[in-house]
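An overview of the molecular structure
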Amino acid sequence: CSARAEEWQTKGFKDAKLDICGGRNPYKPGEYLNVDVVAFPQVDLVFDIREKFPIEDGVIAEVFSAATLEHFRKHHNEHILREFFRILQPEGVLQVCTPDIEVIAKALLEGEDLDFVNQHFFGKFKTEDTDDYDVHKWMYPVSAMIKTLEEIGFRDVEQVENDTGLHDPRLNYLVRARKP
């Protein structure tokens, strides 16, 4: 836990903003608490998002997740998305940025470079079998992400311009949702 995270922890994380798995490249450091399973120097909170988050229900103001969900299996994604809903306060905002498998497939069929497409399908490969975090395991087309979030209970779910500055906006969508 970083000093910033400890300060937020004393307030029960009320109104905090989380960057889920920002790792070495956190999103808006100083504004968002960087959550990751690996204790990189830039990480504020270390925990495995495949487990129940160590955060009370309904306290977080915003959750930002970019280039994260595709690194987990479908059942883990469903758990993670439900945890986002659980920890968000009423009117809390979720932003999810992830590769769009349909757009990537179309790009390949239209002649996009195979190595480039494979990086989006499977992630950047590591030589170590133990370093599995960069491998892509599951991707949602944007329509399926929207439907899944609505089924969980999110409202005002929509694809918005991917203006995060992270990842190729041509192949990665940004979905914004609100907890009622």
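Residues numbered from 1 in each chain as written. Predicted model: local features only at pLDDT ≥ 70, side-chain atom pairs only at ≥ 80, totals over all residues. Heavy atoms only, no water.

1. Some points on the environment of Glu150
How we decide: The secondary structure listing takes helices from DSSP runs of H or I that are at least 4 residues long and strands from runs of E that are at least 2 residues long, numbered from the N terminus. A contact between two residues is defined here by any heavy atoms of the two lying within 4.5 Å.
Examined against the element boundaries, Glu150 turns out to sit in helix H5 (residues 142-152). Residue contacts for Glu150: discarding those within four places in its chain leaves Arg155 and Val157.

2. Observations concerning the side chain of Asn172
The following threshold applies: Here the term buried applies to any residue with accessible area under 20% of the maximum for its type, exposed to any over 50%, and partly exposed to those in between, with areas from a 1.4 Å probe on protein chains only. Polar contacts, as used here, are pairs of N or O atoms within 3.5 Å; protein pairs need one atom able to donate a hydrogen and one able to accept it. Residues neighboring in sequence count only if both atoms are side-chain atoms.
Looking at the secondary structure, you find Asn172 in strand E7 (residues 172-178). On the basis of relative accessible area, Asn172 is assigned to the buried category, the value being 5%. Engagement of the side chain of Asn172 in a polar contact is seen with the backbone oxygen of Asp168, the distance being 2.9 Å.

3. Structural notes on the state of the cysteines
Quick reminder of the rule: Disulfides are defined as cysteine sulfur pairs within 2.5 Å.
As enumerated under the stated definition, the model contains zero disulfides in all. Summary of cysteine pairing: Cys97 is not part of a disulfide, and the nearest cysteine sulfur, belonging to Cys21, is at 14 Å. A residue is classified by how much of its surface remains accessible, and Cys97, at 1% relative accessible area, is buried.

4. Quick look at the pairing of E7
The test is simple: Whether two strands pair comes down to DSSP finding at least two bridges between them.
Within E7, five of the seven residues are buried, leaving the element largely enclosed by the surrounding structure. By the bridge criterion, seven bridges tie strand E5 (residues 88-99) to E7 in an arrangement that is antiparallel. Its bridge partner lying in E7, Leu94 is registered against Ala177. In this sheet, E7 lies alongside strand E6 (residues 155-160) in antiparallel orientation, the contact comprising four bridges. Pairing of Val160 across the sheet is with Leu174, part of E7.

5. What about the sheet that holds E5?
Strand order in this open sheet of seven strands is E3-E2-E1-E4-E5-E7-E6, and the pairing throughout is mixed. Each having just a single partner strand, strand E3 (45-46) and E6 make up the two edges of the open sheet. In this sheet, strand E2 (residues 33-36) lies alongside strand E1 (residues 17-20) in parallel orientation, the contact comprising three bridges. Paired with Ile20 across the strands is Val35, a residue of E2.

6. Looking at the packing of helix H2 (residues 74-87) against H5
Using the following cut-off: Here, axes are lines fitted to C-alpha atoms. For helices the fit covers the stretch in contact, and angles between N-to-C directions go from 0 to 180 degrees. Each angle receives one of four descriptions, namely roughly parallel if under 35 degrees, roughly antiparallel if over 145, roughly perpendicular if within 65 to 115, and oblique otherwise. Note: crossing handedness is left-handed where the near helix turns anticlockwise from the far helix by less than a right angle, and right-handed where it turns clockwise. Polar here means any residue outside two lists: the nonpolar Ala, Val, Leu, Ile, Met, Phe, Trp, Tyr, Cys and Pro, and the charged Asp, Glu, Lys and Arg; Gly therefore counts as polar.
Packing of H2 against H5 leaves a shortest axis separation of 10 Å and a crossing angle of 50°. As the angle between them shows, H2 and H5 are arranged oblique. Considering how the two elements wind past one another, H2 and H5 form a crossing that is right-handed. Contacts between H2 and H5 involve Leu81, Arg82 and Phe85 from the first element and Met145, Thr148, Leu149 and Ile152 from the second. Partitioning the contact of H2 with H5 into residue classes produces five nonpolar, one polar and one charged.

7. Describing the packing of aromatic side chains
Each aromatic ring pair is described using two quantities: the centre-to-centre distance and the angle formed by the ring planes. The following threshold applies: Only the six-membered ring of Trp is used, alongside the rings of Phe and Tyr, when aromatic pairs are assigned; centres must lie within 6.5 Å, and planes under 30 degrees apart are stacked while those over 60 apart are edge-to-face, with the rest tilted. The criterion for a charge sitting over a ring is simple: Lys NZ or Arg CZ within 6 Å of the ring centre, and within 35 degrees of the ring normal.
Scanning the entire structure with this criterion turns up seven aromatic pairs. Plain terms: the ring middles of Phe53 and Phe84 are 6.1 Å apart, the flat faces sit at 65° to each other, and that makes the pair edge-to-face. Of this pair, Phe53 sits in the loop between E3 and strand E4 (60-66) while Phe84 sits in helix H2, and the two are 31 residues apart along the sequence. A single burial state applies to Phe53 and to Phe84, both of which are buried. Cluster of aromatic residues (ring-pair linked, three or more members): Tyr27, Tyr32 and Phe64. Residue placement shows Lys11 over the ring face of Trp8; its charged tip is 4.0 Å from the ring centre. Between Lys179 and the ring centre of Phe85, over which it is positioned, the NZ or CZ distance is 4.9 Å.

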